[in-house]
Amino acid sequence: MADQTLPTNAWPANGVPADLIAPGRKRLGFALMATATLGLLAVIALQILYKTEVTTLGFDTWRPIIYAYVLWGVALGAGQVLTRGEDGQRALFLLPALLFTIAMVVFPTLFGFYIALTDWNLSSFSGRKFNGLDNFWQMLADPYYRNALFNMVLYVLAVLVEYVIAFGLALLLNAQIRARKFFRVVFLMPLMLSPVAVSWMIGKSLMEYRFGPAATLARTLGWDNPAFFSNPITARISIMVLDAWTFIPFMMIMLLAGLQAMSREVLEAARVDGATAWQTFWQVTFPLMLPVSVTAVILRIIFKLKLADIIITVTSGGPGGATDSVSSFIYREYRDRSNVGYGTMLAMAYLIIIIVFVTWLLKFASRFVRNVN
């Protein structure tokens, strides 16, 4: 005989709604999840203490952590069903994504912070030892790291110039010009190439100071020694030019899509009212394009914060670290000095800087767009 206390569409057996679950079953579910969580944390803490030689009780490999993690996932799923009933069964669909995120994002991040507190060097036979905040103090006293941070400020500011150029190209390609489709493909070609290929093609070939066409043209114009990558100032500018040449099409295509989606009636109304071309752009087109512009600039800044491949290929950070970005500096710390512990400390510190900066940038951009509109 059917249970008359349940609604007709309720799930049978374990699929009961949360408000009909017995208190004893809920306590069992919470106890199961709490026990599994404490067990997992205890195993991880024990293993960390063992690896840092604080205690002799632990495991030689990290395999027990994986087993404990799988058991924790199973207990978490069972606990959700016991405590939340029908809602818990729906939550099981999110469990694989949760476990994957913890395994592929949370755990590597925590492991990175742990490595940052060690003196791990691949060229040393002493292995990996906990050294506290030594890497952090070394980072604060490192002039080359501070120089890389200063360069990143310059590289990020260059995005504003890239935006102006990209907007101009987008306006040009949105106008009724001859062979418009051909020019759209041509201007997109740099984006189709690898930054490493661009670095070799332009940085190493066209701008080579002895036989490169750009150097020859510079001599013709009166520049006696056009060594673009030997002087710190010209080297930084050259890196900015190479990076801009590669990624301006990315901003241009986003802005062009925004212009294509803009209502033609609004522009026609401005012309009927007697607005000049500049007034139409400044008072109509630019404000309407602001959301797309902000999105393009923020994405470009995020890409810029990872700038490394062009610098590594063309200058290797030289001359004297003048063109180093933080990413290229960290890469050379790993590659040239095999200094995993210190390099990871630099990477973790840079990650925190990026999170804080991008969070502030998103809030500032949101407030700016709201005020303008």
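Residues numbered from 1 in each chain as written. Predicted model: local features only at pLDDT ≥ 70, side-chain atom pairs only at ≥ 80, totals over all residues. Heavy atoms only, no water.

**Student:** Please explain the overall build of the chain as it appears in this structure.
**Tutor:** The secondary structure content of the chain amounts to 15 helices and zero strands. Here the C-alpha atoms of the chain give a radius of gyration of 29 Å, more than 25% beyond the 21 Å that 2.2 N^0.38 yields for 373 residues. Judged by the C-alpha coordinates and their principal axes, the chain covers about 90 × 70 × 35 Å. When the 373 residues of the chain are sorted by exposure, 39% land in the buried category. (Helix = DSSP H or I, 4+ residues; strand = E, 2+ residues; numbered from the N terminus. Rg over C-alpha atoms; globule rule 2.2 N^0.38 Å. Buried < 20%, exposed > 50% of the residue type's maximum accessible area, 1.4 Å probe, protein only.)

**Student:** What's the story with the side chain of Q80 in this structure? I'm lost.
**Tutor:** Locating Q80 in the fold gives a position in helix α2 (residues 63-84). The exposure class assigned to Q80 is buried, which follows from its relative accessible area of 18%. When residues no more than four places from it in sequence are discounted, the contact partners of Q80 are M33, G85, G88 and A91. (Contact = heavy atoms within 4.5 Å.)

**Student:** What is the right way to look at a nonpolar patch on the surface in this model?
**Tutor:** There is a patch of nonpolar side chains on the surface, built from F182, F183, V185, V186, M189 and M192 and spanning about 580 Å² of accessible area. Looking at the element boundaries, M189 is found in helix α7 (residues 180-192). A relative accessible area of 46% means that M189 is categorised as partly exposed. (Patch = residues over 30% accessible without salt bridge, like charges linked within 9 Å, V, L, I, M, F, W, Y side chains within 5 Å. Areas by Shrake-Rupley, 256 points an atom, 1.4 Å probe, with all protein chains shown as cover. Salt bridge = Lys/Arg side-chain N within 4 Å of Asp/Glu carboxyl O.)

**Student:** Honestly, the confidence of the model for the chain in this entry has me stumped. Any pointers?
**Tutor:** A low pLDDT score tells you not to read the predicted coordinates there in detail. Averaged over all residues, the pLDDT of the chain equals 85, while 94% of them reach at least 70. Overall, residues 1-13 carries pLDDT values under 50, and its contacts beyond four positions in sequence, including any with other chains, amount to six contacts. (pLDDT = per-residue confidence, 0-100.)

**Student:** When you look at the pattern of salt bridges in this model, what are you seeing that I'm missing?
**Tutor:** Opposite charge on two side chains lets them pair, provided their charged atoms get close. As enumerated under the stated definition, the model contains ten salt bridges in all. A salt bridge links R332 to D324, with the shortest nitrogen-to-oxygen separation between them at 2.0 Å. Accessibility classification places R332 together with D324 in one group, the buried group. Look at the salt bridges and you will find they share partners, linking E162, D243, R300 and K304 into a network.

**Student:** Could you clarify how one ought to interpret unusual backbone geometry in this entry?
**Tutor:** With the exception of glycine, most residues fall at negative phi, and the peptide bonds are largely trans. Each neighbour pair has its own omega, and for G318 with P319 the value is 0 degrees, a cis peptide bond. Relative to the assigned elements, P319 resides in the loop between α13 (309-314) and α14 (326-337). Positive phi is not limited to glycine here, since A179 has a value of about 60 degrees. Mapped onto the elements, A179 comes out in the loop between α6 (143-174) and α7. Non-glycine residue S338 carries a positive phi angle of around 55 degrees.

**Student:** Even after reading the chapter, I still don't get helix α4 (residues 95-116), so can you show me in this structure?
**Tutor:** Think of an α-helix as turning once every 3.6 residues; residues three or four places apart then point the same way. Between its first and last C-alpha, α4 extends 30 Å over 22 residues, near the 32 Å set by a 1.5 Å rise per residue. The sharpest bend along α4 comes to roughly 35 degrees, located at I102. Of the positions making up α4, those classed as buried are L95, G112, Y114, I115 and A116. (Expected span 1.5 Å × (residues − 1). Bend = angle between axes of the 7 residues up to and from the residue.)

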